[in-house]
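The chain contents come next:
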Amino acid sequence: MKRQNVRTLALIICTFTYLIVGAAIFDVLESLEETSQRQQLDLKKKELLHTFNLSTDEFDELEKVVLQLKSHKAGVQWEFAGSFYFAITVITTIGYGHAAPSTDGGKAFCMLYALLGIPLTLVMFQSVGERINTFVRLLLHRLKKCLGMRRTEVSMVNMVIIGCTSCMSTLCVGALAFSQFEGWSFFHAYYYCFITLTTIGFGDYVALQSEQALQNKPEYVAFSFIYILTGLAVIGAFLNLAVLRFMTMNAEDEKRDAEQRALLAHNGQAGGHINCSVDPVSPSSSPSGCGGGSAVGGSSGGAASRGLRNVYAEVLHFQSMCSCLWYKSREKLQYSIPMIIPRDLSTSDTYMEQGEAFSNPLHSNGCMCSLQHHSGISSVSTGLHSVNSYRRLKRRSSI
Amino acid sequence: MNTQNIRTLILILSIVFYLLIGAAVFDALESKSESSRQRALEQKLKELQKKYGFMEDDYGDIERVVLLSEPHRGGRQWKFAGSFYFATTVITTIGYGHAVPRTDAGKAFCMFYAVLGIPLTLVMFQSLGERINTFVRYLLRRTKQCLGLRKKEVSMGNMVLVGLFSCMSTLCIGAAAFSHFENWTFFNACYYCFITLTTIGFGDFVALKEGDALKNRPPYVAFCFMYILVGLTVIGAFLNLVVLRFLTVSSDGSDVRAEVGGEEQGSQPNDMQGERRTLDAAGPEAERRSEPSRLGAFISRVCCGLDEYRSNSHGLYDQTGGHNNPVFYSSISYRLDNVCCSSCTVSSQASPCVLAFCQGKNNPHIRRNSL
């Protein structure tokens, strides 16, 4: 099975497992509290029904009115300030729900607004985040030079640490501010900032909803808006640094596979002994495939072992990634992304068989992160085989 | 100011502008309705208060009980099914808020759960979306072959059309299903599906809230979960096709890299093959060459179409600036093509793999469409 498929399957299984484990833990944490709260409320409701001599239907009617009034209690929600707040929650996909369009026109416009706004916002935050990362990298480099340190390159681990620290401090600053202005406890304000900046946006805690703040406290309103947008930019910078590269892994592998197929096609024409390393029924779209016209030796017979080797390669890849991050934190990982594309072991065998004179630059330490002289490498071998020259693409590490 | 800064500034300004416009339109659409509704509700409340003889404090009690009971109306929210629903809304960042952790331990665990779960989910959806795009591209090519069309390559326009169509049909299927099961109007169910699958998740419409559905209708519960996850995958595939390339536009780096990555630049000539030097030279050089026109091209590209890969295929061997697309120049695709071109045209001692790659030039275009 191709590596991309293995990776995707593994991710799906991981996510489902994560959901199930999370569900079980939430069940344990919240069920008891829910039951006891429910019982209390039922008792209270019975008391009220009794005290005011209400029937259940009458109480339902009252309940409906109260629930509908809930959002109005927090103040006028759709004046300009409130609408701006709402527009922010739409395009950042936070979506508190403290105010939601009730007219059909509002709902339709909301959908159209989100359709254009969400991609625009995603691109904007990633762009700003990348600029922030570049600037921080520059600052850190200058700082290291000033301090007269031996190695002035900024490593990935440096950047990740700084990213984590800035996220935590953004959350803490927000927690302090909102606990002060909204009267929440520090923990609840921190929870609010976290839920907001990860764009989950439950709506159980929402800023600007007490004391008609949207109308009466313009400075606090401005602070809230700026905090949300800046905080999202900081989180976006961290995601740009740490997560975005993983989102493009499959596409990178597809590209690599097609390159290798093209290579094999050429070598097949040259009459060499070719071991077709591509699963013949793979859904990739490359037309040339392995059938370059030459003898394709053992292509179907090796499928199972190739599949196993792919899984093994993927495991090695994760292993070496972890060890890289642990041991090679001082290496210049700036423009290379060590965890992207280790070479397929099967194709390496191919190259070895053909005896091509490829360079093997990575045999020195055995760790794929030691890239002093080959920092342009984006595709990283597992140290067993060569890297084609044309695959030394200059990847930026802030991708 | 280099291109990246300009691009970022333009994006920031457009977001601010977009927000202002949105605020004005929402104000116009909703304000009047809001104030009239508020008046009507307060009127009704006064009537009810007079009817039942409430005092202010009494009403306060009732209000509190009602508001606190609201999440319980839909049944037990924290049994396994409800917790699974909640966990889904956390890691997909939908976040309805129909059920929220009340204990402090629940809140703390929710935060840790999200810190790991959200990136995992993002990567998973993008990974699966890329697989889907590749499969669709393969199917489309086979279809074109079967139909005997002249041009067998799958263009970006084809993929975008297919993506749009699948998103629309996902929304419609969900709207039909939820309008039936939840007794919403078709429009409201459509609105619910849209708000859910874009992960906004207001919570004004939430499935599985009525009639204790979480306990009593397990097939419907399973359908809801599957719909949310599959729908997010379809949307994720479309985002992977269309938006991800804009997210990975990398830094120009020619200014910053000169300072920060000086060693790297210096080490380039030491490398084995001449292609890489050509690659590095061509990259920043081409980027510096045509900034203003690139900016215009970028803006028009963002606004208009995404047919750059069709135009790429013509611009492949035109290294000297026929292509003025900044995203393309700084993309991985360009560098790959560039090496290929340089070695095809320049070097006779280019390694055979590169020559093969040049000969197989169709491959990169088809393949790269999903990045």
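Residues numbered from 1 in each chain as written. Chains lettered and ligands numbered in written order. Predicted model: local features only at pLDDT ≥ 70, side-chain atom pairs only at ≥ 80, totals over all residues. Heavy atoms only, no water.

Draft legend 1. Seen up close, the overall build of chain B. Broken down by element type, chain B carries 18 helices and zero strands. Counting every position in chain B, which comprises 371 residues, the buried fraction comes to 58%. For chain B, the accessible area works out to roughly 15,400 Å², and carbon and sulfur atoms hold 63% of it. (Helix = DSSP H or I, 4+ residues; strand = E, 2+ residues; numbered from the N terminus. Buried < 20%, exposed > 50% of the residue type's maximum accessible area, 1.4 Å probe, protein only. Areas by Shrake-Rupley, 256 points an atom, 1.4 Å probe, with all protein chains shown as cover.)

Draft legend 2. Summary view of the overall build of chain A. Along its length, chain A carries twelve helices and zero strands. Burial statistics for chain A: of 399 residues in total, 60% are counted as buried.

Draft legend 3. Seen up close, the packing of aromatic side chains. Here the structure, examined in full by the defined rule, presents 47 aromatic pairs over all chains. Directly above the ring of Y191 of chain B sits K107 of chain A, whose terminal nitrogen or CZ lies 5.6 Å from the centroid. Above the face of the Y191 of chain A ring, K107 of chain B is positioned so that its terminal group lies 5.6 Å from the ring centre. (Phe/Tyr/Trp six-rings, centres within 6.5 Å; stacked < 30°, edge-to-face > 60°. Lys NZ or Arg CZ within 6 Å of the ring centre and 35° of its normal.)

Draft legend 4. Representation of the pattern of salt bridges within the structure. As enumerated under the stated definition, the model contains 15 salt bridges over all chains in all. For the salt bridge of E254 of chain A with K2 of chain A, the shortest nitrogen-to-oxygen distance reads 2.8 Å. Of this pair, E254 of chain A sits in helix 10 (residues 249-269) while K2 of chain A is found in the segment before helix 1 (3-52), placing the two residues 252 residues apart along the sequence. Here E254 of chain A matches K2 of chain A in class, with each residue buried. Between K215 of chain B and D212 of chain B there is a salt bridge, with the nearest N and O atoms lying 3.9 Å from each other. The exposure class assigned to K215 of chain B is exposed, which follows from its relative accessible area of 58%. A relative accessible area of 22% means that D212 of chain B is categorised as partly exposed. Each member of the salt-bridge network shares a partner with another, and the members are K2, R7, D253, E254, R256 and D257 of chain A together with E130 and R131 of chain B. (Salt bridge = Lys/Arg side-chain N within 4 Å of Asp/Glu carboxyl O.)

Draft legend 5. Representation of a nonpolar patch on the surface in the model. Nonpolar side chains collect at one region of the surface, where F80 of chain A together with M1, L9, I12, V16 and L20 of chain B lie side by side and expose about 530 Å² of accessible area between them. Counting residues per element, the nonpolar patch draws most heavily on helix 1 (residues 3-52) of chain B, which supplies four residues. Looking at the secondary structure, you find M1 of chain B in the segment before helix 1. (Patch = residues over 30% accessible without salt bridge, like charges linked within 9 Å, V, L, I, M, F, W, Y side chains within 5 Å.)

Draft legend 6. Quick look at the nonpolar core. Counting residues in each nonpolar core, the largest one holds 129 residues, and the members touching the most others are Y85 and Y192 of chain A together with F178 and L208 of chain B. The dominant element in this core, judged by the number of residues it contributes, is helix 8 (residues 218-242) of chain B, at twelve residues. Core analysis: the next-biggest nonpolar cluster, separate from the first, contains 20 residues, L49 and F59 of chain A together with L48 and V66 of chain B among them. (Core = buried A, V, L, I, M, F, W, Y, C linked by side-chain atoms within 4.5 Å.)

Draft legend 7. Expanded view of the packing of helix 10 of chain A against helix 4 (residues 104-146) of chain B. Closest axis-to-axis distance for the helix 10 of chain A/helix 4 of chain B pair is 8 Å, and the angle between their directions is 40°. As far as their axial angle goes, helix 4 of chain B and helix 10 of chain A are oblique. Residue-level contacts link N250, A251 and E254 of chain A of helix 10 of chain A to S127, E130, R131 and T134 of chain B of helix 4 of chain B. Counted by class, the contact of helix 10 of chain A with helix 4 of chain B contains one nonpolar, three polar and three charged residues. (Axes fitted to C-alpha atoms, helices over the stretch in contact; angles between N-to-C directions. Parallel < 35°, antiparallel > 145°, perpendicular 65-115°, else oblique. Contact = heavy atoms within 4.5 Å. Nonpolar A, V, L, I, M, F, W, Y, C, P; charged D, E, K, R; others polar.)

Draft legend 8. Molecular detail of the side chain of S179 of chain B. Residues and elements named next belong to chain B. Inspection of the secondary structure assignment puts S179 in helix 5 (residues 156-181). Residue class for S179 comes out buried when judged on its relative accessible area of 17%. Here the side chain of S179 touches A176 through a polar contact of 3.0 Å, landing on its backbone oxygen. Setting aside residues no more than four positions away along its own chain, S179 makes contact with W184, T185, F186 and A189. (Polar contact = N/O pair within 3.5 Å; in protein donor to acceptor, adjacent residues only side chain to side chain.)

Draft legend 9. Structural detail: the confidence of the model for chain B. All names here are of chain B. Taken as a whole, chain B shows an average pLDDT of 75; of its residues, 67% reach a score of 70 or greater. Segment residues 252-292 is flagged for pLDDT under 50; beyond a separation of four residues in sequence, or across chains, it makes 81 contacts in the model. Between residues 339-371, whose pLDDT stays under 50, and residues either more than four places distant or in other chains, the model counts 93 contacts. (pLDDT = per-residue confidence, 0-100.)

Draft legend 10. Structural context of the packing of helix 5 of chain B against helix 6 (residues 186-197) of chain B. Residues and elements named next belong to chain B. At a minimum axis separation of 8 Å, helix 5 and helix 6 run at an interaxial angle of 125°. Taken together, the axis directions place helix 5 and helix 6 in an arrangement best described as oblique. Regarding helix 5 and helix 6, the two cross each other, and that crossing is right-handed. Each of T170, L171, C172, G174, A175, A176, F178 and S179 in helix 5 lies in contact with helix 6, whose residues at this interface are F186, A189, C190, Y192, C193, F194 and L197. (Left-handed = near helix turned anticlockwise from the far one by under 90°.)

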